[in-house]
Amino acid sequence: MGCLFSIIGMLVGGSLFGFPGAIAGAILGSLIDNRGTHKVKRETHYYQANLFLEHELVLAAYVARADNNRLLQSELAYMKRFLLKNLDESHAQAALLRFRDILDENIDINAVCQDIKAHATSSEKLMILHFLFGFGYSDDNFNDLEMTAIRNISDLCGINRTSFEAIKAMYARQSYQYQYDYDTGGYESGYGSYQESGGGYSGSRINYNIEDDYKILEVSPDATDEEVKKAYREAAKKHHPDKVGHLGEDVRKAAEEKFAQVNNAYDRIKKARGMN
């Protein structure tokens, strides 16, 4: 882990934010509660933004460590972009330092996921999964170890396998069709969305696979038209931006992009079937 920390230390202490580490450490205390145990008592079943961020950092660290304790430069760059889009510069600095600390902690992934399973809404759980897939697919070396780690998190958090496969289909599609441009940056939100023009990807227009569209709606290609319509309504409800708006504007924007993917998948299925 020493090499891993040297990369983070260089970026955190130097040109990444240009913010003194001691001050960032002080800020961290007000940003994230309960550094040691990752468990915070809540009076509501809805996440507060700070705890949501804490769990994202913890789970990303678990995924990074799944690949032989290696954190790639591209994964760290993704985390940096994500934090800067969600926080002001000083709080992003503090959160990146927190991420460094978590990487060296003994993570009780079962306890963290049970907390999420017990308290998070289904839409909040799906946004965490979106974040983890974005983190995983941020480099060209997303492998079976990392995929297994994300699947394990999904199962422990109580996310069903069809929902897992739906989100996986969204990210696998864009990963296979494009090569990420690390200089310009292709993630408009912190969650791995893409642009077909003017963004940070190079490559031809996506050739959509209708099988993926059915996975996104969590319905079988053999389903009736009425079953497809019902599946769409349920998927749209789960991914609706209003479900996660309390977590911040950037989380809402990310949800809007995933909501659009659900609508686009439905439109392509309707066209393929000749549905009204």
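(A) Local environment of the overall build of the protein chain. Helix and strand counts for the protein chain come out as twelve helices and two strands. Going from N to C terminus, the protein chain has its helices and strands arranged as α-α-α-α-α-α-α-α-α-β-β-α-α-α. Here the protein chain, with 276 residues, has 50% of them falling under the buried criterion. Taking the intrachain contacts of the protein chain between residues at least 6 apart in sequence as the baseline, contacts between residues at least 24 apart amount to 73%. Put simply, the protein chain shows about 12,600 Å² of open surface, and 47% of that area lies on carbon and sulfur atoms.

(B) The arrangement of the side chain of Lys-125 in detail. Inspection of the secondary structure puts Lys-125 in helix α7 (residues 122–136). For Lys-125, the contacting residues outside a window of four places in its chain are Ile-116, Lys-117, Ala-120, Cys-157 and Ile-159.

(C) Focus on the packing of helix α11 (residues 225–238) against helix α12 (residues 249–273). Put simply, α11 and α12 touch, their axes get as near as 10 Å, and they point 170 degrees apart. Between α11 and α12, the crossing angle belongs to the class labelled roughly antiparallel. Packed against α11, whose contacting residues are Asp-225, Val-228, Lys-229, Tyr-232, Ala-235 and Ala-236, the element α12 presents Phe-259, Val-262, Asn-263, Tyr-266, Ile-269 and Arg-273 at the interface. A class-by-class count of the residues in the contact of α11 with α12 yields eight nonpolar, one polar and three charged.

(D) Here's a closer look at the confidence of the model for the protein chain. On average, the protein chain scores 75 in pLDDT, and the residues at 70 or more come to 69%. Below a pLDDT of 50 lies the segment residues 2–46, which in the model reaches 90 contacts outside its immediate sequence neighbourhood of four places, other chains included. Here residues 175–206 is modelled with pLDDT under 50, and outside its nearest four sequence neighbours on either side it reaches 86 contacts, counting other chains as well.

About the thresholds
Residues numbered from 1 in each chain as written. Predicted model: local features only at pLDDT ≥ 70, side-chain atom pairs only at ≥ 80, totals over all residues. Heavy atoms only, no water. Helix = DSSP H or I, 4+ residues; strand = E, 2+ residues; numbered from the N terminus. Buried < 20%, exposed > 50% of the residue type's maximum accessible area, 1.4 Å probe, protein only. Contact = heavy atoms within 4.5 Å. Areas by Shrake-Rupley, 256 points an atom, 1.4 Å probe, with all protein chains shown as cover. Axes fitted to C-alpha atoms, helices over the stretch in contact; angles between N-to-C directions. Parallel < 35°, antiparallel > 145°, perpendicular 65-115°, else oblique. Nonpolar A, V, L, I, M, F, W, Y, C, P; charged D, E, K, R; others polar. pLDDT = per-residue confidence, 0-100.

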